[in-house]
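# Per-entry structural report
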Amino acid sequence: MPLNNQIAIVTGGGQGIGEAISIHLAKQGKDVVVSDINLDSARKTAAKIKSLGCQSLAIKADVSNSRDIEKMVDLTREKFGRIDRLVNNAGIVIVKPIVELEEEEWDRLIDVDLKGVFLCSKMVARIMINQKRGKIINISSSSGKMGTEFFAGYAAAKFGVIGFTQGLAKELARYNILVNAVCPGIIGTKMWEMVDGELGKRLGLAKGRAFQKEIEKIPLSRAGTAEDVARVVAFLASSEAEYMTGQAINVTGGMVMH
Ligand code: NAP
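What comes next is a walk through the structure.

Reading the values: the criteria
Residues numbered from 1 in each chain as written. Predicted model: local features only at pLDDT ≥ 70, side-chain atom pairs only at ≥ 80, totals over all residues. Heavy atoms only, no water. 1 Å grid on protein atoms, 1.4 Å probe; cavity = no way out; pocket = protein on both sides within 12 Å on 5 of 7 lines; lining within 4 Å. Points joined across faces, edges and corners; volume = space filled by probe spheres on them. Nonpolar A, V, L, I, M, F, W, Y, C, P; charged D, E, K, R; others polar. Helix = DSSP H or I, 4+ residues; strand = E, 2+ residues; numbered from the N terminus. Salt bridge = Lys/Arg side-chain N within 4 Å of Asp/Glu carboxyl O. Buried < 20%, exposed > 50% of the residue type's maximum accessible area, 1.4 Å probe, protein only. Axes fitted to C-alpha atoms, helices over the stretch in contact; angles between N-to-C directions. Parallel < 35°, antiparallel > 145°, perpendicular 65-115°, else oblique. Left-handed = near helix turned anticlockwise from the far one by under 90°. Contact = heavy atoms within 4.5 Å. Near = heavy atom within 4 Å. Polar contact = N/O pair within 3.5 Å; in protein donor to acceptor, adjacent residues only side chain to side chain. Areas by Shrake-Rupley, 256 points an atom, 1.4 Å probe, with all protein chains shown as cover. Sits in = over half its atoms within 2 Å of the grid points.

Evaluation of the coordinates by the stated rule reveals 2 cavities of 30 Å³ or more. One number sums up the size of the largest cavity: a volume of about 60 Å³. Taken together, Arg85, Arg133, Gly134, Lys135, Asn176, Leu178 and Glu242 make up the full set of residues lining the largest cavity. For the lining of the largest cavity, the residue count by class is 1 nonpolar, 2 polar and 4 charged. The volume enclosed by the second largest cavity comes to roughly 30 Å³.

Structure below.
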C-alpha cells in the first residue's frame, strides 16, 4: 500500500461544497476519505476521486455520533495508516424564527454544526499529535461572522466553530498542527435550494426570489460556487499555507469583510 500520498478526511463529502473540496484535494494528489451521513452520495464522490487516480474510501458517518466518528477514524487508519488533513464540512441549516424553533431542532443544529466539529477534531487530533503534523479546516459560514434573521441557531453554531478554531489553533500549534476556518457566503448548493424555499414561504417570495435578494447584497454580484470555496480550502490544505493558523477566511464575494 503506497503511504507517500497525504490522506484527507472530508465530512459531508457526498455533495455540494464537501464534494467539491474532496475533488480539489484529489487534484492536489491527496487520497480522500469521503465521509457522509448518506453512503450512496459518499460512494459517488469516492468513485470520482478514484477516476482521478487517487485512492478513496466512502464511509457512512453522522458527525454528531461519537461511535460513528471513532469508526471513521479507525477505518481510515486501517486503510491508510495516518491522517494528514481533516475538513469538517458536514452541516445542516434550519430556517425558522426563534420562537418557532423547537428545542430538538436547536439541539440538532448544535449537535451537527458544532459538536460534530469537536468530535471529529478531537479524534483526529490524537493521531495528528502523534504524527507531529497535520491541518484541520473547519467550514463555518458568513453566519459565523454576522447573525441573520431566521438563522439565529445556525449562527450560534457557526460563531462557535470560529471560537473553537481559534482555541484549537493555539492548543495544537506546538504539535505543528494548523487549524483554520473558511466562511462561505451564499453558495449555490442543495442547502441553498432548501433555504430559498423556506425563506420564500416566510417572506411570501416566489421560488428563487429569496436567493436573488441575497445576491443583491454581494459586491461581486453573483452567488459563490462550491468550487470557489473548495479552491480556498485546497490552498489552506496545501504546502503553500504553512504560516496561517486560527484564521476564519471569508469566501463571500465581499458580502462580509471582517
Ligand atoms: P449540502 O449540499 O446540504 O451538503 C451537506 C452534506 O453533508 C450532505 O451530503 C449531507 O447529507 C451531509 N450531512 C448532513 N448532516 C450530516 C451529518 N450529521 N453527518 C455527516 N454528514 C451530514 O450543504 P453545502 O451547501 O454543501 O454545505 C456544506 C457546509 O458549508 C455546511 O457546513 C454548511 O453549513 C456550510 N455553508 C454552506 C453555505 C451555502 O450557501 N451553501 C454557506 C455557508 C456555509 P444529506 O444531504 O443526506 O443530509
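This part covers the layout of surface pockets. Sizing a probe to match a water molecule and rolling it over the atoms shows the empty space that remains. By volume, the largest pocket amounts to about 1100 Å³. Among the elements of the structure, α1 (16–27), α4 (103–131), α5 (152–172), α6 (190–203) and α7 (209–215) are those that each provide at least two residues to the lining of the largest pocket. Taken together, the residues that form the lining of the largest pocket break down as 25 nonpolar, 15 polar and 10 charged.

A word on the pattern of salt bridges. All chains considered together, the criterion is met by 11 salt bridges. The salt bridge partner of Arg108 is Asp62, with a shortest N-O separation of 3.2 Å. Here the residue Arg108 occupies a position in helix α4, and Asp62 occupies one in the loop between β3 (56–60) and α3 (66–80), the gap between them amounting to 46 residues. Classification of Arg108 by relative accessible area gives partly exposed; the value is 32%. Among the salt bridges present, the one from Asp84 reaches Arg82, with a minimum N-O distance of 3.0 Å. Several salt bridges share partner residues, and in doing so they unite Arg222, Asp228 and Arg231 into one network.

The subject of this paragraph is the packing of α1 against helix α2 (residues 39–51). Between α1 and α2, the shortest axis-to-axis distance is 9 Å and the interhelical angle comes to 20°. Our classification of the angle between α1 and α2 gives roughly parallel. Here α1 runs over α2; the crossing is right-handed. Contact with α1, carried on its side by Glu19, Ser22, Ile23 and Ala26, involves Thr45, Lys48 and Ile49 of α2 and no other residues of that element. Along the lines of polarity and charge, the residues of the contact of α1 with α2 split into 3 nonpolar, 2 polar and 2 charged.

Around the ligand, 29 residues are found, and the nearest of them are Ile17, Asp36, Asn89, Tyr154 and Thr189. At 3.3 Å, a backbone N or O of Ile37 approaches a nitrogen atom of the ligand. Out of a free accessible area of 890 Å², the ligand has 89% covered by protein chains. Its atoms largely coinciding with the cavity grid, the ligand occupies the largest pocket. Every element with two or more residues in the shell around the ligand is listed here: α1, α4, α5 and α6. With 3 residues, the single largest contributor to the shell around the ligand is α6.

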